[in-house]
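Structure assessment
Residue-level listing of the chains:
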Amino acid sequence: MKVVTLQFGELEVMEEQIIRFPKGIIGFEDCHEFVIIDDEEYEPFRWLISLDKEEFGFPILDPFLVVPDYLKEFPASIARELEADDTVMDVFCVVTLKGEGGKVTLNLKGPIIIDYLKGEGRQIILPSEDLSVSYPIS
Amino acid sequence: MLVLTRKLGENIIIDDEISIRVISIDSNKVQLGIQAPSDVMIYRQELVDRIKSQNRSSVVHKKWDLISAARNLKILGNVRY
C-alpha cells in the first residue's frame, strides 16, 4: 500500500511491515498502525512512522547502543522475553531533538516494545525514578 | 466519571480482573492497593503526562535535523555499534 508521510513523502509499505499498536502511543492513543523505516543517512537512528496521522513520525534508537545495561530496568517477565535467544521482541526509545543541530536526548523512561511475531507494539513506562525522559546522547 | 465513596479497607472491582482497595487514609493522602493482571499497566497520572509531553516534543517534521544529529553521534563516537 502507498502511504504519504511528511518525512519521506510517498512510501510503499508492505502489509507485513505494519506494526499494530492496540493502545497507540502515550498521548497518541488513536494511532494504531506504524511502520519502522530505515535510511542509512540517519543510522543509527530509525523512524517510527504513523500510518494513521500523516505528520506523525519520530526518530527511535536502539537504547542498548548507549545504555548497555538497560535491560535491568525492565520488569523480570519482559526482560526474560527480551533476553531469550530466539526472541521476537525488540526495544526502542524515542529520540528528541532540541534546537538546531543541537542536543539529542533519549526517552529511557518510556520505551517502546515491539513483538515482531505478533506484529504488535506498545509503549510502557519503566518504574525506576532514576530513568530520564530526556537522557542526553550528544 | 464514576464517583464512589469508600471507607478504609473497602474495595472497588473493575471488569472482574482489577481491584482497588483503600489501604490507608491520611489528611490529604490516600494509599490505594491495586490488583490487576500483569499486562495491565498502572501509572500515576503525572508520569503519563510526562511521557505524553515528551512524545509530543519528539515528533520530527524536518528530516535534516536528524541527519546532523546522526553525524554528530558517529563523529563523537557516542554510539558504539
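Residues numbered from 1 in each chain as written. Chains lettered and ligands numbered in written order. Predicted model: local features only at pLDDT ≥ 70, side-chain atom pairs only at ≥ 80, totals over all residues.

**Considering the pairing of strand β1 (residues 11–14) of chain B**
All names here are of chain B. Under the convention used in this document: Paired strands are those between which DSSP finds at least two bridges. Runs of H or I in DSSP of at least four residues are treated as helices and runs of E of at least two as strands, each being numbered from the N terminus.
Judged from the four bridges that link them, β1 and strand β2 (residues 18–25) form a sheet pairing that is antiparallel. Looking at the pairing, Ile14 lines up with Ile18 of β2. Linking β1 to β2, which pair antiparallel, is a turn of three residues; within it Asp15 sits at a positive phi near 55°.

**Some thoughts on the nonpolar core**
This is how it is decided: We define a nonpolar core as a collection of buried residues of the types Ala, Val, Leu, Ile, Met, Phe, Trp, Tyr and Cys that are connected via C-beta atoms lying within 7 Å of each other. Note on burial: count the other C-beta atoms lying within 10 Å of the residue's C-beta; 20 or more is buried, 12 or fewer is exposed, in between is partly exposed, and C-beta positions come from the backbone. Contact criterion: two residues are in contact if their C-beta atoms, reconstructed from the backbone, are within 7 Å.
Within the largest apolar cluster, 32 residues are counted, with the highest numbers of intra-cluster contacts made by Ile60(A), Leu61(A), Cys93(A), Val95(A), Leu106(A) and Leu66(B). Elements supplying a minimum of two residues to this core: β5 (46–50), β6 (57–61), β7 (89–98), β8 (103–106) and β9 (112–115) of chain A together with α2 (63–76) of chain B. With five residues, β7(A) is the largest single contributor of residues to this core. Among residues more than four places away in sequence, those in contact with Leu61(A) are Pro44(A), Phe45(A), Phe92(A), Cys93(A), Val95(A) and Leu106(A).

**Observations regarding the sheet that holds strand β3 (residues 30–35) of chain B**
Residues and elements named next belong to chain B. Note the threshold: Under this scheme, a helix contributes an axis fitted over its contacting stretch, all axes are lines through C-alpha atoms, and angles between N-to-C directions fall in the 0 to 180 degree range.
The strand order across the open sheet built from three strands is β1-β2-β3, with neighbouring strands paired in antiparallel fashion. On the outer flanks of this sheet lie β1 and β3, each paired with one strand and no other. Averaged over all pairs of adjacent strands, the angle between strand axes in this sheet comes to 25°, irrespective of strand direction.

**Here's the deal with the interface of chain B and chain A**
This is how the line gets drawn: Gly counts as polar in this scheme, as do all residues outside two lists: the nonpolar Ala, Val, Leu, Ile, Met, Phe, Trp, Tyr, Cys and Pro, and the charged Asp, Glu, Lys and Arg.
In this complex, chain B contributes 30 residues to the contact, which on the side of chain A involves 34 residues. Looking at the side of chain B that touches chain A, the elements that each hand over two or more residues are α1 (45–58) and α2 of chain B. Residues that form the side of chain B that touches chain A fall into these classes: 15 nonpolar, nine polar and six charged.

**Re unusual backbone geometry**
Between Glu43(A) and the following residue, Pro44(A), the backbone shows a cis peptide bond with an omega angle of 5°. By the secondary structure assignment, Pro44(A) is in the loop between β4 (33–37) and β5. Of note, the phi angle at Asp15(B) is positive, near 55°, even though the residue is not glycine. Counting through the fold element by element, Asp15(B) comes out in the loop between β1 and β2. By the C-beta count within 10 Å, which is 9 here, Asp15(B) ends up exposed. Located in the positive-phi region is Asp16(B), a residue other than glycine, with phi close to 70°. Mapped onto the fold, Asp16(B) is located in the loop between β1 and β2.

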